[in-house]
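What follows is the residue order along each chain.
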Amino acid sequence: MEFSPPVFRRHDGYGLIASHKNLVVSMHWGITTLDHAKDLRAYTADVVATYERFASMVIVAGRQILEAPDGPTRDELKALIAETESVGLGTAFVVLRGGFLGGAAVALLSGLFILSRSREPNRAFRDGETAATWLHAQLTEGPCAWSPGEVRATLQSVLSTGET
């Protein structure tokens, strides 16, 4: 099967948003802005309207200090999570930052997932390959056929376009 590249919705100084089939990928190399969060929410709604179920990959890249978004941005992201809680197949968080801070971010996210008691499976990873393998298993429960390696190819396409 031939791979078609992901469709990019946004690509700017703060990050990018893309999709392939029912997979939404957001990559952040700066603190998430309100505009980025609004675009992510709207784009995810479009994907859900088309496919009914979706999975997501959130990639944190770059050397920025990891900070929580401001109040309005946080509220927008909370609304996205609330709107998609019943249709999410899984979310893979990929922290590409190396060293102690990258490991600490993954540990923090993993702890938050346990406390959140979300219905949707969530996992944090330090590399995209492992995340793609895990996410492929989640996507097989959804409405689209995914070939082996297709999530990995989507990830590689996004990484080659973004700033890592």
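The present account deals with the structure reproduced in this document. Just so we're clear, the structure is a prediction, and the values are computed from it rather than from any experiment. (Residues numbered from 1 in each chain as written. Predicted model: local features only at pLDDT ≥ 70, side-chain atom pairs only at ≥ 80, totals over all residues. Heavy atoms only, no water.)

### Some remarks on the pattern of salt bridges
Stage number 1. This structure, assessed with the given rule, holds 5 salt bridges.
Stage number 2. Its salt-bridge partner being glutamate 150, residue lysine 21 comes within 3.0 Å of it at the nearest N-O pair. On the criterion of sequence distance, the pair formed by lysine 21 in the loop between strand 2 (15-20) and strand 3 (23-28) and glutamate 150 in helix 5 (residues 150-161) is long-range, its members being 129 residues apart.
Stage number 3. Relative accessible area serves as the criterion here: at 21%, lysine 21 is assigned to the partly exposed category.
Stage number 4. A relative accessible area of 4% means that glutamate 150 is categorised as buried.
Stage number 5. Taking the shortest distance from any N to any O, the salt bridge between arginine 41 and glutamate 76 comes out at 3.0 Å. With arginine 41 in helix 1 (residues 34-51) and glutamate 76 in helix 2 (residues 71-84), the pair connects residues that are 35 residues apart, well separated along the chain.
Stage number 6. Judged by its relative accessible area of 24%, arginine 41 is partly exposed.
Stage number 7. We classify glutamate 76 as buried; its relative accessible area is 13%.
Stage number 8. One continuous salt-bridge network, built from bridges that share partners, spans Arg41, Glu76 and Glu83. (Salt bridge = Lys/Arg side-chain N within 4 Å of Asp/Glu carboxyl O. Helix = DSSP H or I, 4+ residues; strand = E, 2+ residues; numbered from the N terminus. Buried < 20%, exposed > 50% of the residue type's maximum accessible area, 1.4 Å probe, protein only.)

### Looking at the packing of aromatic side chains
Stage number 1. Counting across every chain of the model gives 1 aromatic pair.
Stage number 2. Judged by centre distance (5.8 Å) and plane angle (50 degrees), the ring pair of phenylalanine 125 and tryptophan 134 falls under tilted. Comparing phenylalanine 125 with tryptophan 134, the two get one shared label, buried.
Stage number 3. A cation over a ring is seen here: lysine 21 above tryptophan 146, with NZ or CZ 5.1 Å from the ring centre. (Phe/Tyr/Trp six-rings, centres within 6.5 Å; stacked < 30°, edge-to-face > 60°. Lys NZ or Arg CZ within 6 Å of the ring centre and 35° of its normal.)

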